[in-house]
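Fold and geometry: a report
Spelled out from the first residue to the last, the chains are:
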Amino acid sequence: MDIKLIQAQIETDLANAISPQLLEELRVKYLGRKGLIAELTASIPTLAAQERGAFGREVNGLKSKLLTLFAEKEKNLTGSIQGEINNNIDIGMPGIAPTLGSVHPITQIIDEICGIFTRMGFCVVEGPEVETENNNFTGLNIPLEHPSRDAFDTFYLKDYPKLLLRSHTSPVQVRAMKAHKPPLAIVVPGRVYRPDAVDASHLFMFHQIEGFLVDENIRFSDLKGTLSLFAKSVFGRDIKMRFRPHFFPFTEPSAEVDISCIICKGKGCSVCGRKGWLEILGAGMIHPNVFKHVGYDPEKYTGFAFGMGIERIAMLKYGINDIRLFFENDLRFLNQF
Ligand code: DAH
């Protein structure tokens, strides 16, 4: 009988004993009254007289080795459980489920609006937030000294006047038209910047969606139909729209677009300032100078464009009265969406 082999086997068994119950079963099997050690000891008298001494010493050696190994193992097993109990950890308590984040309300509105326009056949395109002076202003028919620059004033980077933070998403019109020939139907979501003092309705950074469509024979009625489908999809089928004449340098004619107040349905309330109407975007037919700048023939192509502030749309849709709430990262606010 090879005592070394037996010891190796028992050590493997011990390593696999992962609970006090399993350890106890091994103790009975090897050290119990009818266990292996008892059996080996009982077999000594049956051996030849000259072998008994050596075998007896081996069995005794194994037995005391096993007593040490079992004692150590027991300490390990109960020690780790006892440690947890001593540290007041309730190992039976259910775990803490990680909280899943959710899509930011501004991103939700962007996705919803882009979805409405892509279903009408528009592509979604993005442009850089650091723009050239040319794309943000001159290419959009806003000459250097023109007073309308004031409305789109922005932050300039250090090699002023060439680079700036875009003050609207309209410069992507110039980029897309320079890169592609008509027909074009594109919406552009993204961040824009203005040096505005922060209050309940102004921030130095906010989001816009620009849209434009260029082809032959595009008319103002195409703009009206497109925007009316958009507004009804976002605010409900029974809202009314109106187009008020306005001025934008990059469109002619230009309009500001209102929807009937979603709170009072046009009767007049505090949200719409008793007017019954809420302004939601600016729009118009793309100015021939914009086409000339990008190399389109204004005699051949016509197109419409529009631009809206996302925060404003979200505030109207959800009845939010302070734009700062979107960017304070307060979970009590964000968890509602
Ligand atoms: N870029 C304008 C703004 O920031 C919004 C706008 C108005 C965009 C009319 C347009 C447009 O494309 O046709 O206020």
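For the structure, check the block above.
As the structure is a prediction and not an experimental result, all values here were calculated from the model. (Residues numbered from 1 in each chain as written. Predicted model: local features only at pLDDT ≥ 70, side-chain atom pairs only at ≥ 80, totals over all residues. Heavy atoms only, no water.)

**Here we look at the nonpolar core**
Ranked by internal contacts, the top residues of the largest apolar core, which has 45 residues, are I113, F230, F235, I280, L281, F306 and M308. In this view, M308 contacts I113, F117, H207, Q208, I209, F230, I280, L281 and I313; residues no more than four positions away in its chain are not counted. In this structure, F212, V290, F291 and A305 belong to the second largest nonpolar core, which totals 23 residues. (Core = buried A, V, L, I, M, F, W, Y, C linked by side-chain atoms within 4.5 Å. Buried < 20%, exposed > 50% of the residue type's maximum accessible area, 1.4 Å probe, protein only. Contact = heavy atoms within 4.5 Å.)

**Details of the site of the ligand**
With respect to spatial proximity, 16 residues lie near the ligand, and among them H168, S170, R194, Q208 and E210 are the closest. In this structure, S170 approaches the ligand through a side-chain N or O atom, which is 2.9 Å from a nitrogen atom. Between A305 and the ligand, the recorded distance is 3.1 Å, taken from a backbone N or O atom to an oxygen atom. For the ligand, whose unbound accessible area comes to 360 Å², protein coverage reaches 92%. Put simply, the parts of the chain that give the shell around the ligand at least two residues each are β5 (205-215), β8 (277-286) and β9 (302-309). Broken down by class, the residue content of the shell around the ligand amounts to six nonpolar, eight polar and two charged. (Near = heavy atom within 4 Å. Polar contact = N/O pair within 3.5 Å; in protein donor to acceptor, adjacent residues only side chain to side chain. Areas by Shrake-Rupley, 256 points an atom, 1.4 Å probe, with all protein chains shown as cover. Helix = DSSP H or I, 4+ residues; strand = E, 2+ residues; numbered from the N terminus. Nonpolar A, V, L, I, M, F, W, Y, C, P; charged D, E, K, R; others polar.)

**A look at the sheet that holds strand β1 (residues 123-124)**
With respect to topology, seven strands assemble into an open sheet ordered β1-β4-β5-β9-β8-β7-β6, the strand pairing being mixed. On the outer flanks of this sheet lie β1 and β6 (241-248), each paired with one strand and no other. The pairing of strand β4 (residues 184-193) with β5 spans ten bridges and is classified as antiparallel. Looking at the pairing, P189 lines up with I209 of β5. Where helix α5 (residues 105-119) meets the sheet, its contacts fall on β1, β4, β5 and β9, and the angle it forms with β5 comes to roughly 5 degrees. (Pairing = 2+ DSSP bridges. Axes fitted to C-alpha atoms, helices over the stretch in contact; angles between N-to-C directions.)

**Comments concerning the side chain of R194**
Considering the arrangement of structural elements, one finds R194 in the loop between β4 and β5. Within the buried set, R194 has no salt-bridge partner at all; the shortest N-O distance to an opposite charge, 5.7 Å, is to D196. The residues touching R194, leaving out its near neighbours within four places in the chain, are A151, F152, D153, F155, S167, H168, L203, F204, F206 and Q208. (Lys, Arg positive; Asp, Glu negative; His and termini not counted. Salt bridge = Lys/Arg side-chain N within 4 Å of Asp/Glu carboxyl O.)

**Points about helix α10 (residues 310-318)**
Burial in α10 covers these residues: I310, E311, I313, A314, M315 and L316. Here the buried face of α10 lies against α5, β5, α8 (220-235), β8 and β9.

**Here's the deal with the packing of aromatic side chains**
To describe a pair of aromatic rings, one takes the distance between the centres and the angle between the planes. According to the stated counting rule, one finds 13 aromatic pairs in the structure shown. Seen in terms of ring centroids, F117 and F122 are 5.3 Å apart; in terms of plane orientation they differ by 70 degrees. Their pairing is edge-to-face. A relative accessible area of 5% means that F122 is categorised as buried. Ring pairing ties together the aromatic residues F117, F122, F230, F304 and F306, which thus form one cluster. (Phe/Tyr/Trp six-rings, centres within 6.5 Å; stacked < 30°, edge-to-face > 60°.)

**Comments concerning the environment of K158**
Take K158: it is sitting in the loop between α6 (133-136) and β3 (163-165). Counting along the chain gives 159 residues from K158 to K317, while the straight-line C-alpha distance between them is 39 Å.

**Some details on the pairing of strand β7 (residues 251-260)**
A large share of β7 lies buried, amounting to eight of its ten residues. Pairing of β6 with β7 involves seven bridges; the strand directions are antiparallel. Considered in β7, the bridge of M241 is made with I259. With antiparallel pairing between neighbouring strands as the criterion, β6 and β7 make up a hairpin whose turn holds two residues. When β7 meets β8, the two strands line up antiparallel, connected through eight bridges.

**A look at unusual backbone geometry**
Here the amide bond leading from P182 into P183 is cis, since omega sits at 0 degrees, within 30 degrees of zero. With respect to the element layout, P183 can be found in the loop between α7 (171-179) and β4. Looking along the chain, the bond that leaves E252 and enters P253 is cis, with omega of -5 degrees. Within the secondary structure, P253 is located in strand β7. Phi at R274 takes a positive value of approximately 65 degrees, unusual for a residue other than glycine. Along the chain, R274 turns up in the loop between β7 and β8. What makes R274 exposed here is its relative accessible area of 60%. In this model, N329 sits at a positive phi of 60 degrees, which is unusual for a non-glycine residue.

**Quick word on the pattern of salt bridges**
All chains considered together, the criterion is met by twelve salt bridges. With a shortest N-O distance of 2.8 Å, D258 and R244 are connected by a salt bridge. With a gap of 14 residues between them, D258 in strand β7 and R244 in strand β6 connect regions that are remote in the sequence. We classify D258 as buried; its relative accessible area is 2%.

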